[in-house]
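Observations on chain architecture
The residues making up each chain are set out below.
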Amino acid sequence: MRLLYRTSTSFERLACLLAAAVLAGCASTPAPFDAPAHSAQPCVEHAAAWDRAVTEAGVVDAQHARVPGFSYLRVDRFLAAHPAAGEGAPGAAAWVQALRALDREARGIEL
C-alpha cells in the first residue's frame, strides 16, 4: 500500500512558523498588572505642589472647591448634588469628566 502525502508549500511552512512565533510570544509576555508601565505618582505630586503654591499665594479659585484626596478634581454645587455622584451610578464616568473639567478651569484661573 502506498502512503499518500503531499508536500507543503512554502506559504504553508511560513504560516505554521508565523503561528508558532505568535503563540510563543503570547506565552512569554507578562500579565498586564505584573509590572505597571508607569505611575501616576509624579502627576499627583505635581498637583499637590501646585495646590500648595496657589494656597501660599492666596489665589485659590473660590468658585470650584477641591475634592479632598483627589487633587485633580474640583466640584461645584450642581455637581455635588447631581444623581451621578453615587458610586456605580449611571453617568458616573461623565460626572468625573465634569469634575476634571472644573479642575482645568480652576487651575487656569489660578494661573
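The present account deals with the structure reproduced in this document. In this text, all values refer to a predicted model and were calculated from it rather than measured experimentally.

With that settled, consider the environment of Leu 73. Its place among the elements puts Leu 73 in strand E2 (residues 70-75). For the pair Leu 73 and Arg 100, spaced 27 residues apart in sequence, the C-alpha to C-alpha distance is 5.0 Å. Discounting chain neighbours no more than four positions away, the residues touching Leu 73 are Ala 65, Arg 66, Val 67, Val 96, Leu 99, Arg 100 and Asp 103.

As a further point, take the nonpolar core. With seven residues, the main nonpolar core is built from Leu 73, Val 75, Leu 79, Ala 84, Trp 95, Leu 99 and Leu 102. Mapped by element, the contributors of at least two residues to this core are E2 and helix H4 (92-110). Broken down by element, the residue count for this core peaks at three residues, all from H4.

This part takes up helix H2 (residues 41-57). For H2, which comprises 17 residues, the first-to-last C-alpha distance of 24 Å matches the rise-based estimate of 24 Å (1.5 Å per residue) to within 8%. Buried within H2 are the following residues: Ala 47, Asp 51 and Val 54. One side of H2 carries all its buried residues, which in axial view fall inside an arc of 70°. Summarising the geometry of H2, the exposed residues directed more than 90 degrees from the buried face are Pro 42, His 46, Arg 52, Glu 56 and Ala 57. On its buried face, H2 sits against strand E1 (65-67), E2 and H4. Just beyond H2, the residue with positive phi is Gly 58, at close to 75°.

Analysis parameters
Residues numbered from 1 in each chain as written. Predicted model: local features only at pLDDT ≥ 70, side-chain atom pairs only at ≥ 80, totals over all residues. Heavy atoms only, no water. Helix = DSSP H or I, 4+ residues; strand = E, 2+ residues; numbered from the N terminus. Contact = heavy atoms within 4.5 Å. Core = buried A, V, L, I, M, F, W, Y, C linked by side-chain atoms within 4.5 Å. Buried < 20%, exposed > 50% of the residue type's maximum accessible area, 1.4 Å probe, protein only. Expected span 1.5 Å × (residues − 1). Arc of directions from axis to C-beta.

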